[in-house]
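# Report on the structure
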Amino acid sequence: MDALINVFVALHIIGIASLLGGFLTQMKAMGAGTARFVPAMLHGALTMLVTGIALVGLNQADGHTVNNIKVGIKLAVLVVILALVYVKRDEEKVDKAVFGAVGGLTMANIFIATLWV
């Protein structure tokens, strides 16, 4: 079971890398006011959602303790990210505030995952 959990952790990290990488590649465009949500950002967020749900289930099935408050907050942040990216995915230009919010929420989710013990 540990090997399967580790595979899903790796996939979860790939999802966050895709979301954050998509944001970082658009930083210069954000400064110019021409940033847009690239498909990698949506796919990364969806990957995070699916693998995160799988990780909670696998960890509970394996008898590990899961911090449900932490997972709930991370899920809520991810749902906001997904909603913003999904709704604005076809727009040629996204408002700086909305684009910055997605980046900030993504980084907040990373810090919640790593610093909340």
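Anyway, here's the lowdown on the structure attached to this text.

## Topic: the side chain of His12
- Along the polypeptide, His12 turns up in helix H1 (residues 2-25).
- One polar contact links the side chain of His12 to the main-chain carbonyl oxygen of Met48, over a distance of 3.3 Å.
- If near-sequence neighbours (up to four positions away) are discounted, His12 is found in contact with Met48, Thr51, Gly52 and Leu55.

## With respect to the nonpolar core
- Core analysis: the largest hydrophobic core is formed by 22 residues, its most contacted members being Phe37, Met41, Val85 and Phe99.
- Counting only elements with at least two residues in this core, the list comes to H1, helix H2 (27-32), helix H3 (39-61), helix H4 (68-88) and helix H5 (96-115).
- Here the element with the most residues in this core is H4; it accounts for 5 residues.
- Not counting residues within four places of it along the chain, the set of residues in contact with Met41 comprises Ser18, Leu19, Gly22, Phe23, Val85, Phe99 and Val102.

## A look at the pattern of salt bridges
- For the structure on display, the rule yields 1 salt bridge.
- Residues Lys88 and Glu91 are paired through a salt bridge, measuring 3.7 Å at the closest nitrogen-oxygen approach.
- Judged by its relative accessible area of 32%, Glu91 falls in the partly exposed class.

## Quick word on H4
- For H4, spanning 21 residues, the distance from its first C-alpha to its last is 30 Å, which sits close to the expected 30 Å at 1.5 Å a residue.
- Listed in full, the buried residues belonging to H4 are Lys70, Lys74, Val77, Leu78, Ile81, Leu82 and Val85. Down the axis of H4, the buried side of the element spans an arc of 140 degrees, and every buried residue falls inside it. The exposed set on the far side of H4, more than 90 degrees from its buried face, consists of Asn68, Ile69 and Val87.
- In this structure, the buried residues of H4 make contact with H1, H3 and H5.
- Residue Asn67 occupies the N-cap position of H4, its side-chain oxygen lying 3.3 Å from the main-chain nitrogen of Ile69.

## A look at H3
- Relative to the 33 Å expected for 23 residues at 1.5 Å per residue, H3 spans 33 Å between its end C-alpha atoms, a close match to the ideal helical length.
- For H3, the full list of buried residues reads Met41, Leu42, Gly44, Ala45, Met48, Thr51, Gly52, Leu55 and Leu58.
- Just downstream of H3 lies Gly63, where phi reads positive at about 90 degrees.

## Examining the packing of H1 against H3
- Look at H1 against H3: their axes get within 8 Å of each other, and the N-to-C directions meet at 155 degrees. The angle between the axes of H1 and H3 places the two elements in the roughly antiparallel class. Crossing handedness for the pair H1 and H3: left-handed. Between H1 and H3, the contacting residues are Leu4, Ile5, Phe8, Val9, Leu11, His12, Gly15, Ile16, Ser18, Leu19, Gly22 and Phe23 on the first element and Ala40, Met41, Gly44, Ala45, Thr47, Met48, Thr51, Gly52, Ala54, Leu55, Leu58 and Asn59 on the second.
- When grouped by side-chain class, the residues that make up the contact of H1 with H3 number 15 nonpolar, 9 polar and no charged.

Here is what the cut-offs are and how they apply
Residues numbered from 1 in each chain as written. Predicted model: local features only at pLDDT ≥ 70, side-chain atom pairs only at ≥ 80, totals over all residues. Heavy atoms only, no water. Helix = DSSP H or I, 4+ residues; strand = E, 2+ residues; numbered from the N terminus. Polar contact = N/O pair within 3.5 Å; in protein donor to acceptor, adjacent residues only side chain to side chain. Contact = heavy atoms within 4.5 Å. Core = buried A, V, L, I, M, F, W, Y, C linked by side-chain atoms within 4.5 Å. Buried < 20%, exposed > 50% of the residue type's maximum accessible area, 1.4 Å probe, protein only. Salt bridge = Lys/Arg side-chain N within 4 Å of Asp/Glu carboxyl O. Expected span 1.5 Å × (residues − 1). Arc of directions from axis to C-beta. Axes fitted to C-alpha atoms, helices over the stretch in contact; angles between N-to-C directions. Parallel < 35°, antiparallel > 145°, perpendicular 65-115°, else oblique. Left-handed = near helix turned anticlockwise from the far one by under 90°. Nonpolar A, V, L, I, M, F, W, Y, C, P; charged D, E, K, R; others polar.

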